[in-house]
Amino acid sequence: MTDTFIIVGAGQAGGQAAATLRSKGFEGRIVLIGEENYVPYERPPLSKAFLAGELPVEKTFLKKPDFYDNKNIELRLGRRVVAIDRQARTVNLDNGESIGYDKLLLATGSRVRKLTVPGAELSGIHYLRDIADVEGIRAAMKPGARLAIVGAGYIGLEVAAVARKLGHEVTVVEALDRVMARVVAPQVSAFYEKVHREAGVDLRLGTGLTAFEGDGRFEQLRLTDGSAVPGDLAVVGIGIVPNVELAQEIGLKVDNGIVVDEYGRTEDPDIFAAGDVTNHPNAILGRNIRLESVQNAMSQAMAAALAMLGHLEAYNEVPWFWSDQYDLKLQIAGLWEPDDEIVVRGDMESRKFSVVYLRDGAIAAINVINNMRDFLPAKKLIEAKSKVDPARLADPEVPLKEFLTT
Amino acid sequence: MAKLIVTTREGETSEVEGERGISVMEILRDNDFEVAAICGGCCSCATCHVYVDEEWMDKLPAREEDERELLEELESFKDNSRLSCQIEFTDDLDGLQVTIAPDE
Ligand SMILES: Cc1cc2nc3c(=O)[nH]c(=O)nc-3n(C[C@H](O)[C@H](O)[C@H](O)COP(=O)(O)OP(=O)(O)OC[C@H]3O[C@@H](n4cnc5c(N)ncnc54)[C@H](O)[C@@H]3O)c2cc1C
Ligand code: FES
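Please read these numbers as outputs of a predicted model, since none were measured by experiment. (Residues numbered from 1 in each chain as written. Chains lettered and ligands numbered in written order. Predicted model: local features only at pLDDT ≥ 70, side-chain atom pairs only at ≥ 80, totals over all residues. Heavy atoms only, no water.)

Caption draft 1: Expanded view of the pattern of salt bridges. Per the counting criterion, the structure on display carries 40 salt bridges over all chains. Note that Asp232 of chain A and Arg146 of chain A form a salt bridge whose closest N and O atoms lie 3.0 Å from each other. Taken together, the residues span a long stretch of sequence, with Asp232 of chain A in the loop between β15 (228–230) and β16 (233–236) and Arg146 of chain A in the loop between α3 (131–140) and β10 (147–150) at a distance of 86 residues. Judged by relative accessible area, Asp232 of chain A falls into the partly exposed class, the value being 31%. Salt-bridge contacts for Lys352 of chain A lead to Glu65 of chain B; the nearest nitrogen and oxygen are separated by 2.8 Å. Placement of the pair is Lys352 of chain A in the loop between β24 (341–345) and β25 (353–359) and Glu65 of chain B in helix α3 (residues 65–72), with the two residues belonging to separate chains. Overall, Lys352 of chain A belongs to the partly exposed group, its relative accessible area being 23%. (Salt bridge = Lys/Arg side-chain N within 4 Å of Asp/Glu carboxyl O. Helix = DSSP H or I, 4+ residues; strand = E, 2+ residues; numbered from the N terminus. Buried < 20%, exposed > 50% of the residue type's maximum accessible area, 1.4 Å probe, protein only.)

Caption draft 2: Here's a closer look at the site of ligand 1. All names here are of chain A. Not every one of the 36 residues close to ligand 1 is listed here, only the nearest: Ala13, Glu36, Lys48, Arg129 and Asp276. In this structure, a nitrogen atom belonging to ligand 1 sits 3.1 Å away from a main-chain N or O atom of Glu35. Contact between ligand 1 and Glu36: an oxygen atom at 2.5 Å from a side-chain N or O atom of the residue. Here ligand 1 has 1000 Å² of accessible area as a free molecule, and 97% of this is covered by the chains. For the shell around ligand 1, the secondary-structure elements that each account for two or more residues are α1 (12–23), β2 (29–34), α4 (154–165), α7 (294–308) and β22 (320–325). Per-domain counts for the shell around ligand 1 show at least three residues from each of domain 1 (4–111 + 240–308) and domain 2 (125–236). (Near = heavy atom within 4 Å. Polar contact = N/O pair within 3.5 Å; in protein donor to acceptor, adjacent residues only side chain to side chain. Areas by Shrake-Rupley, 256 points an atom, 1.4 Å probe, with all protein chains shown as cover. Domains from an automatic or database assignment.)

It is worth stressing that arrangement in space is one thing and function is another; only the former is reported here.
Here is the structure:
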C-alpha cells in the first residue's frame, strides 16, 4: 500500500508543496484539491500586469498545466473540501466524495474581508483575490469608467496605479490618515501619497466609508465627512481573513491562523499547514506571526512538504514582500514597528532610495524603492542583527554589504 | 523546439526542450530543476540565479539595472551570472548552456 497525501487548497502553497513532494522523491499518491477552476497560480500579477491586460492568464500559472499529469499529481479543481474526519482520516468533498489520507496539508489561504456597510450588496462592487475577480473588474473597466477604490493598502494602490495608466479617473478612500499604514513608516507613506496625487489620483485620507449608494447598482460612495464619490465601479481592498474554519471544526489550535511549528506541523502528527493560513514561529523575529506573502507561502510549503516526508528542516526566513506601483518597485524586508529609528539612504526625489528601520541599533527592516542593490544585503543584516552606525548607513555610497563584515 | 542544456548543483548535465517566448526560469521550473523562483520572475528574489556558459554571454541581451544590482550582491556572483527569469528563450538560444548557481 502506498501512502496518500492530500493537499487542501491549490494555491501558491498547495501547488508548491505538491511539486516539492515529488521532487523530493515521494512516490505515493498526491491529491491536490482546489476550489478554483485554475491550476495553482501566482496572485501578485492579479493587481499588476494581469489587471493591466499585459499578461495572458497562463503566464500566472505556477507550473504548466501538464506538469500535474506528468508528475502524477491528481488535481481536483472546482472542488471544495467541506469536512475533515481526523479519526477516519478522510476528507469530504462538496460532491459527496470522500478520500482517505495518510498525511494532510492545509493550504487554504485566505479570503477578502468584506464590508458590511449599507449598500454592500449592490452590484458593481468588486473585491480582488482571484482570477475570476480580475475578470469581473476588467469587464467593468470600460473606457472612461471611473473607479472608486476603498482602502489604500498595497492592493488598492496597485489597482489605482494600473487604472491611472489606462486613463481612468480614480478616487481612493482610506480611513487611516496615511497609505500603506500597516507596512511602512509615515515618510514612505508620504512619498507614495505624493506619487499617486501627481499621477492624478484623488486620494481621500482619514475618511471612512458610511455606505455604498445606488439604485440596484453601485453609483457612489458616501463618506464619513458627508461627501459623495461617484463612480462606475467600486473596488474594495481592506485586508483578508485566513481560511481556518476546516481546522477549527476538527479542533486544531487556531489563533489568528492555524498554529504550526517551524516545520509546518500542527499538533496532529498527520496534519500540516502552510501559507497565508498559518500562525507560525519565526526565530529571527523572536515571535509568532501570520504572513500574507508569496515568500512565506512558497518557503513554508517547501518546509511542510519535507516534514510530511519526515525530513525536518526549519522554515525560518526574514519575511519579504514587494509591490509595484507606476515605475516604482517597492521591496520590503523585515517587519516595521512604530518606534523604529528611520534612516533614508539616497534622495527620495530621485525615486531610487532605501528606508532603513533601526531597532536597538540593528537593522530590523528595510523598504527598497527602485534600489535593488540594498535588498539582499539588508535581508542578511536583518538576520544577523548586528549593530550598525546610523551615520555611515545614511551614506548611500557605502554599500550595505560593508556592514556585514564589520 | 530549441534545446536548453542544464547542469544541476550536483553537476549532472541534461538537455530539455525549451518553449520559445518563455523565460529560461520558466523552462527550469517546468522541468523541476531546483530553482525556487520565489517571485515568479519579477526580478525581486534572485532565487533563479544561473551561470551561463561563457560562449553564450554576448548572445544574451544585456542585464538591466535591477538584475545587475541584485546579482552583484550575491556571494556566488560571477561574470557569467544571470537571473534566468530575465532571459527570454528564443530560437537564437538553441543549445544554450546554463549551470544552476548555489542556493543562498
Ligand atoms: C491581488 C493580490 C496581489 C498580491 N501581491 C503580492 C505581492 O506582490 N507580493 C507578495 O509577496 N504577495 C502578494 N500577494 C499575497 C500572496 O498572493 C499570498 O500571500 C499567497 O497567494 C498565499 O498563498 P496560499 O497558498 O497560502 O493561499 P492562496 O494562494 O490564497 O491559495 C489558497 C487556495 O485554497 C483554496 N481553498 C480554500 N479553502 C478551500 C477548501 N475548503 N477546499 C478547496 N480549496 C480551498 C482557495 O480557493 C485558494 O485557491 C498578493 C495577493 C493578492 C490577492
Ligand atoms: S524568479 Fe525571482 S528574480 Fe528571477
